[in-house]
Amino acid sequence: MTPMKHTIRLLTITAALLWAASGLRAQNDAQFSQYFEIPTLYNPAAIGQTDFIRIRGAGRLQWVGIDGAPQTFMLSGDMPFKALGKRFGTGLVMQQESIGLYNSLNINAQIGFKLRKFGGEFTFAIQPGMYDQRFKGSEVFIPDGDDYHQDTDDGMPTTDLHGTAFDLGAGIWYNRPRWWVGISGTHLTAPTIRMGGEDGGQTSDGNIYEFKAARTLYFMAGGNIPLKNTLFELLPSVLVKSDFTFTTAEITARARYNKFLSFGVGYRYNDAVYATIAAEIKNFYVGYSYDYATSGIHSASSGSHEIVVGYSLKLDLGEKNRNRHRSIRIM
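These figures come from a predicted structure and were not determined experimentally.

With that settled, consider the packing of aromatic side chains. Counted by the stated rule, this structure contains 13 aromatic pairs. Ring geometry for F284 and Y311: centres 4.7 Å apart, planes at 45°, overall tilted. Taken as a pair, F284 in strand 16 (residues 284-293) and Y311 in strand 17 (residues 304-314) lie far apart in primary sequence, 27 residues in all. Clustering of aromatic rings is evident, with ring pairs tying together F118, F122, F124, Y174 and W179. The ring centre of F52 lies 5.9 Å from the NZ or CZ of K314, which sits over that ring.

Structure (structure tokens):
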């Protein structure tokens, strides 16, 4: 069996296992158009792909003009390290999102083992963490004469709720000099968050509410293709995500000039088209994207805005990383 067939077989088996572990729940991970720049948010095995401490921060304002629309922020850091003669990666990622009266916070640690095979490098990683959910029940407002809700409905909390649960993710990543691919699963334990009063007890009405996070599968792939006799290279990428009730995919086509300025366009199925532009100055990175909705929501919104900033600090691991200039950036 050829090295390529070995790689495809391993990734297919991993996907099947993650698929079997998945349930049918609502999707609840944050959405970023510049997913290619913050891959550890979706796949913990994307850690430590260069000989740098890589720090990324991102903010997204979705559907500007609509009250209660999603507002998302994330912060991540990752790095490689060596122990007992083996290569590892470690990272930390935090994601905070508010949608209407809901506010969720994910904080996850990431650790992975690296194995060089077939001219590239595999990373196998796990991601234990915490999932925190809040609901501002004290701000619930039901207008008079509402035909669909009653102000005495037990299913409508009227006090602030809060709950926390253990969370777990896992992933596999394969990186070659000119392309990369990864499969991962988040919320693999399908954590059920019991939401009570702010003090962790029952609410004033004596009820306990539950929120269940959906197991979600991600597939990511991309590459960097130099154009001969030019300073340009092409950076195509794709992201597919599914909780097996809802599935979506997006594809992005970017070009980078002289490892400095990159720009491109993308399409998210049945949702939006977007444009991105970014600049890399020494070890600094800043990128911006604008989404235009292709659904009817565009009539109520002026679009979505997103900014990603980052810094990379060089590490001395005592051994040169063959892929450090050809990683997922990519970087």
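The next subject is the confidence of the model for the protein chain. Residue-level pLDDT values for the protein chain average 84, and 79% of them are 70 or greater. pLDDT under 50 marks residues 321-331. Its contacts with residues more than four places away, or in other chains, come to 46 contacts.

Further remarks concern the environment of L315. Looking at the element boundaries, L315 is found in the segment after strand 17. Looking at L315, the relative accessible area reads 16%, which means it is buried. Taking the C-alpha atoms as reference points, L315 and P80, separated by 235 residues in sequence, lie 8.6 Å from one another. Those residues within four positions of L315 in sequence are excluded, and the remaining contacts are D51, F52, I53, M79 and P80.

This brings us to the environment of K86. Here K86 lies in strand 3 (residues 86-99). Residue classification places K86 among the partly exposed residues on the basis of a relative accessible area of 45%. Between the alpha carbons of K86 and K114 there is a distance of 7.5 Å; along the sequence they are 28 residues apart.

What follows covers the pattern of salt bridges. Oppositely charged side chains may form a pair once their charged atoms are brought near each other. Using the criterion set out here, one finds 15 salt bridges in the structure. In this structure, D78 and R54 form a salt bridge, with 2.9 Å as the shortest nitrogen-oxygen distance. In this pair, D78 sits in strand 2 (residues 71-83) while R54 sits in strand 1 (residues 52-61), placing the two residues 24 residues apart along the sequence. When its relative accessible area of 4% is taken as the criterion, R54 is described as buried. Among the ionic pairs, R268 bridges to D291, the shortest N-O distance being 3.2 Å. With R268 in strand 14 (residues 261-268) and D291 in strand 16, this pair connects stretches of sequence that are 23 residues apart. Considered together, R268 and D291 belong to a single accessibility category, that of buried residues.

Each value, and the rule that gives it
- Residues numbered from 1 in each chain as written.
- Predicted model: local features only at pLDDT ≥ 70, side-chain atom pairs only at ≥ 80, totals over all residues.
- Heavy atoms only, no water.
- Phe/Tyr/Trp six-rings, centres within 6.5 Å; stacked < 30°, edge-to-face > 60°.
- Helix = DSSP H or I, 4+ residues; strand = E, 2+ residues; numbered from the N terminus.
- Lys NZ or Arg CZ within 6 Å of the ring centre and 35° of its normal.
- pLDDT = per-residue confidence, 0-100.
- Contact = heavy atoms within 4.5 Å.
- Buried < 20%, exposed > 50% of the residue type's maximum accessible area, 1.4 Å probe, protein only.
- Salt bridge = Lys/Arg side-chain N within 4 Å of Asp/Glu carboxyl O.

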